[in-house]
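# Topology and contacts: notes
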Amino acid sequence: MASAGARLTRLYISCPGVILLRSLSNAAMDDMGISTSRSCFERLQFDNVALKQLPLDPSTEPGVRQVRGACFSRVQPTPLKNPKFVAVSGPALALLGLDAEEVLKDPLGPEYLSGSKVMPGSEPAAHCYCGHQFGQFAGQLGDGAACYLGEVKAPVDQSPELLHENPTGRWEIQVKGAGLTPYSRQADGRKVLRSSIRELLCSEAVFALGVPTTRAGSVVTSDSRVMRDIFYDGNPRMERCSVVLRIAPSFIRFGSFEIFKRADEFTGRQGPSYGHNEIRTQMLDYVIMNFYPEIQQNHSDRTERNTAFFREVTLRTAKLVAQWQCVGFCHGVLNTDNMSILGLTLDYGPFGFMDRFDPDFICNASDNSGRYSYQAQPAICRWNLARLAEALEPDLPPDQAKQVLDEYLPLYNGFYMSNMRKKLGLLRKEEPEDEMLITELMQTMHNTGADFTNTFRSLSQISCPTAGEDESEAIKQATELLLQQCASLEELKAANKPTMDPRELAMLLSMAQSNPALFQMISDRKTVALQLERLSRLKELLDTTAEQLCAKQNEDWSCWIKKYRQRLAHEFESGVDVEDLQKERVCVMNNNNPHVVLRNYIAQNAIEAAENGDFSEVQRVLKVLEKPFSVQEGLEQPGLVARGGATAPGERDETGEEGNTSEAEARVLVPYDSKPPIWANEICVT
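Let me begin by describing the structure that accompanies this report. (Residues numbered from 1 in each chain as written. Predicted model: local features only at pLDDT ≥ 70, side-chain atom pairs only at ≥ 80, totals over all residues. Heavy atoms only, no water.)

Attention shifts here to the overall build of the chain. Scanning the chain from N- to C-terminus turns up 25 helices and 12 strands. Taking 26 Å as the expected radius of gyration for a compact globule of 686 residues, we find that the chain reaches 27 Å, a close match to that expectation. Dimensions of the chain, computed from C-alpha atoms along their principal axes, come out at roughly 85 × 65 × 60 Å. Taken over 686 residues, the chain has a buried fraction of 53%. Surface exposure of the chain reaches about 30800 Å², of which carbon and sulfur atoms provide 51%. Within the chain, one finds 72 positive and 91 negative side-chain charges whose respective centroids are separated by 3 Å. (Helix = DSSP H or I, 4+ residues; strand = E, 2+ residues; numbered from the N terminus. Rg over C-alpha atoms; globule rule 2.2 N^0.38 Å. Buried < 20%, exposed > 50% of the residue type's maximum accessible area, 1.4 Å probe, protein only. Areas by Shrake-Rupley, 256 points an atom, 1.4 Å probe, with all protein chains shown as cover. Lys, Arg positive; Asp, Glu negative; His and termini not counted. Charge placed at Lys NZ, Arg CZ, Asp CG, Glu CD.)

Written out as structure tokens, the structure is:
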């Protein structure tokens, strides 16, 4: 029977005009349990609940427009020319019941995962939302490049752990970069290779670190091209259009509820659905019933239910940002439209993992004021929660919201301290001085310019105090270990150089005295204070020799290590086996302090190789990042040097020029777990 089925299939392939008959034959063979060659994407089961339970824009008018009284607009993705895979994430695709090898072999895979071909059951749409961007209400934003494809039913054998995180049993899938939508504003709805690779790598890296996040299943690139001015400096270039497949239980965000906002008192803008209070209530019901079913079941009173929902969102947000801080992750653009209603890391743009520890680290070169710096993230997330609370009024009474917001900082501090104790191997006791020990660690890292990731990873090699040991020798060895992660004098000088022109700084200082009102309009005291602090630190460094700096770094670390070992001694109680506790401590620390993170230079190497037609480094980095806490034999360093790498025959780089980089410009090859090479300082992400 199988061979007869095969003959039937061959017959209909070779005979035009019988496609319908072939389809019927395949359906019959499916009913009889005989496998056919259907694309794996055509077997996905969709149940697009969001489009059933939330209002759809009735207009099919093309082009950018204000969308009133609706949460979604139907769109049609724009096909790419000659789409092809760059890389796929097996673990992410498995959420949909897809096998990575099967996806890569599927001839229709690049078309389906770029939106160039629409899967059966998919209903492409774009989501309408608003947002506060850099503190100002921006009005309607929406999915300007992302396209909702639908909600895929999870496979029946999906792990209970995943289903607990996603109680709907459905995974929303999006393609980002699939063309124009009503929300594209002045843009073209496209994304390019560099930003798409960064989103794929970081989504999967953050997941592997144990931090809640949306996922990325694939990157598809193409021969379609768009013009981009990367640094906004008047030097645009042509770049390849590329598309990321994004996966999450939902992409609803804080800004989704801001479409109902009244006219803003500062910008004058209002949400496109202002006055449609019934839709806000409808969206709130949709989110709680689908994604917070326990809250729905436990509260019959709507006000109590909505307060419990806001409390859970607040808790998840506090936990999320504490996890970011503990792995040195900076989001870069924490606008309300980039904050997930499910407490997930959402929208990877100019993100960055910190190299040298700096509390004022800014990963987004466009963030001139440092609003979204590393140390500002916890406070900014609370500010965003307050904007969400305002958007939920009157379904969420303001007095109830205030009570919940008052819980945020204690929640954040609790999560942060719990994570930090694990990173330091403080497992048995919680002592009052732990907070000061951690604060002093961060200050020592800052003063010495220590590498954030590698310093924490090294702490597990510091021995616990034992009877009869030579304490001074133990502290000396530990200090030498951590000094390897410290910055040189020249690196610290470069890091502390003010980013503001001295003449501009002098003018602002004068203006702050003579015309405070004008000063407040064009700058702020925090920005000026940071520049003055940098200037003071730079002057101090200019008067310091390399030997003096090394001696000071040695002194700082020796002092902290002595306190740390004293605290470790408190972990040992009578009857505790020292050797067993030490093994447990090292295990816990190495499972909470990553061996490798997605540093900018690692991503940049992969991007430049991909832009020259070689996708192997993207795939290699993706594999390394799947196990960030492990040392992976054979995957310790890049497979190539991007700047000095060869260009594939006939392939042109993104400027349209033949790849012809000289060996003199080749980058130094460093392992993935290394401190960044000098050339990494040139990387600018906007």
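The discussion continues.
As a packed pair, helix α11 (residues 302-327) and helix α14 (residues 408-424) sit with axes 8 Å apart at the nearest point and diverge in direction by 35°. For the element pair α11 and α14, the recorded crossing hand is right-handed. Contacts from Thr314, Leu315, Ala318, Lys319, Val321, Ala322, Gln323, Gln325 and Cys326 in α11 reach Tyr408, Leu411, Tyr412, Phe415, Tyr416, Asn419, Met420 and Lys423 in α14. When its residues are assigned to classes, the contact of α11 with α14 shows 11 nonpolar, four polar and two charged. (Axes fitted to C-alpha atoms, helices over the stretch in contact; angles between N-to-C directions. Left-handed = near helix turned anticlockwise from the far one by under 90°. Contact = heavy atoms within 4.5 Å. Nonpolar A, V, L, I, M, F, W, Y, C, P; charged D, E, K, R; others polar.)

A few words on the packing of aromatic side chains. In this description, a pair of aromatic rings is defined by centroid distance and the angle of the planes. Summed over the entire model, instances satisfying the criterion amount to 17 aromatic pairs. Relative to Phe456, the ring of Phe452 lies with its centre 5.1 Å away and its plane at 55°, an arrangement referred to as tilted. Of this pair, Phe452 and Phe456 both sit in helix α16 (residues 452-458), separated by four residues, roughly a single helical turn. Judged by relative accessible area, Phe456 falls into the buried class, the value being 1%. The ring of Phe207 has Arg215 lying over it, and the distance from NZ or CZ to the ring centre is 3.5 Å. (Phe/Tyr/Trp six-rings, centres within 6.5 Å; stacked < 30°, edge-to-face > 60°. Lys NZ or Arg CZ within 6 Å of the ring centre and 35° of its normal.)

Take helix α8 (residues 193-208) next. In this model α8 runs 23 Å from its N-terminal to its C-terminal C-alpha over 16 residues, within 8% of the 22 Å that 1.5 Å per residue would give. Gly210, located one to two residues past α8, shows a positive phi value of around 85°. (Expected span 1.5 Å × (residues − 1).)

Structurally, the position occupied by Gln158 is in the loop between β6 (146-153) and α7 (160-165). For Gln158, the side chain forms a polar contact with the main-chain oxygen of Leu95, separated by 3.0 Å. (Polar contact = N/O pair within 3.5 Å; in protein donor to acceptor, adjacent residues only side chain to side chain.)

Bringing the side chain of Asn600 into the picture now. Residue position: Asn600 is located in helix α24 (residues 600-611). A polar contact is formed between the side chain of Asn600 and the side chain of Arg198, at a distance of 3.0 Å. The contacts of Asn600, once residues within four sequence positions are left out, are Arg198, Phe351, Ile683 and Val685.

A few words on the pairing of strand β10 (residues 237-248). Most of β10 sits out of view: 11 of its 12 residues are buried. Sheet analysis places strand β7 (residues 170-176) next to β10, joined by five bridges and oriented antiparallel. Its bridge partner lying in β10, Ile173 is registered against Ile247. Bridge count between strand β8 (residues 191-192) and β10: two bridges; the pairing is antiparallel. Counted as the bridge partner of Val192 is Cys241 from β10. Across 10 bridges, strand β9 (residues 215-228) lies against β10 in antiparallel orientation. Note that in β10 the partner of Thr221 across the bridge is Ser242. (Pairing = 2+ DSSP bridges.)

Here we come to the pattern of salt bridges. Counting across every chain of the model gives 37 salt bridges. The partner of Glu611 in a salt bridge is Arg237, and the shortest N-O contact between them spans 3.1 Å. Here Arg237 lies in strand β10 and Glu611 lies in helix α24, a separation of 374 residues in the sequence. Summarising the burial analysis for this pair, Glu611 and Arg237 share the class buried. (Salt bridge = Lys/Arg side-chain N within 4 Å of Asp/Glu carboxyl O.)

Before going further, it helps to spend a moment on the environment of Gln325. Its place among the elements puts Gln325 in helix α11. A sequence separation of 23 residues divides Gln325 from Arg302, and the C-alpha atoms of the two residues are 35 Å apart. A polar side-chain atom of Gln325 sits 2.6 Å from a polar atom in the side chain of Gln377.

Turning our attention to α24. Taking 1.5 Å per residue, 12 residues should reach 16 Å; α24 reaches 16 Å between its end C-alpha atoms and fits that length. Along α24, the residues that are buried comprise Asn600, Tyr601, Ile602, Ala603, Asn605, Ala606, Ile607, Glu608, Ala609, Ala610 and Glu611. On its buried face, α24 is in contact with α8, β10 and α25 (616-625). Remark: Gly613 follows α24 within two positions and exhibits a positive phi of approximately 90°.

The next thing to look at is the environment of Leu209. Along the polypeptide, Leu209 turns up in the loop between α8 and β9. Assessed through its relative accessible area of 11%, Leu209 is described here as buried. Taking the C-alpha atoms as reference points, Leu209 and Ala376, separated by 167 residues in sequence, lie 22 Å from one another. With near-sequence residues (within four places) excluded, Leu209 lies in contact with Val327, Phe353, Pro594, Pro628 and Phe629.

Among the surface-exposed residues, Asp470, Glu471, Glu473 and Glu480 lie close enough to one another that they form a single negatively charged patch. Relative to the helices and strands, Glu473 is located in helix α17 (residues 471-483). (Patch = residues over 30% accessible without salt bridge, like charges linked within 9 Å, V, L, I, M, F, W, Y side chains within 5 Å.)

To continue, consider the environment of Ala263. Mapping Ala263 onto the fold places it in the loop between β10 and α9 (277-291). Each C-alpha atom of the pair Ala263 and Arg240 lies 39 Å from the other, and the pair is 23 residues apart in sequence. In contact with Ala263, other than residues within four places in its own chain, are Gly268, Arg269 and Gln270.

Looking now at the pairing of β7. A regular strand places its side chains on the two faces of the sheet in alternate fashion. Among the seven residues that make up β7, seven are buried, leaving the element largely enclosed by the rest of the structure. Side chains of β7 alternate between two faces, with Arg170, Glu172, Gln174 and Lys176 and Trp171, Ile173 and Val175 buried alike. Pairing between β6 and β7: seven bridges, direction antiparallel. Bridge pairing in β7 places Gly150 opposite Ile173.

Together, Met507, Leu518, Met521 and Ile522 make up an exposed nonpolar region whose accessible area comes to about 420 Å². If you tally residues by element for the nonpolar patch, the top one is helix α20 (residues 516-522), at three residues. Within the element layout of this structure, Met521 appears in helix α20.

Interpretation in functional terms is not warranted from these geometric data alone.
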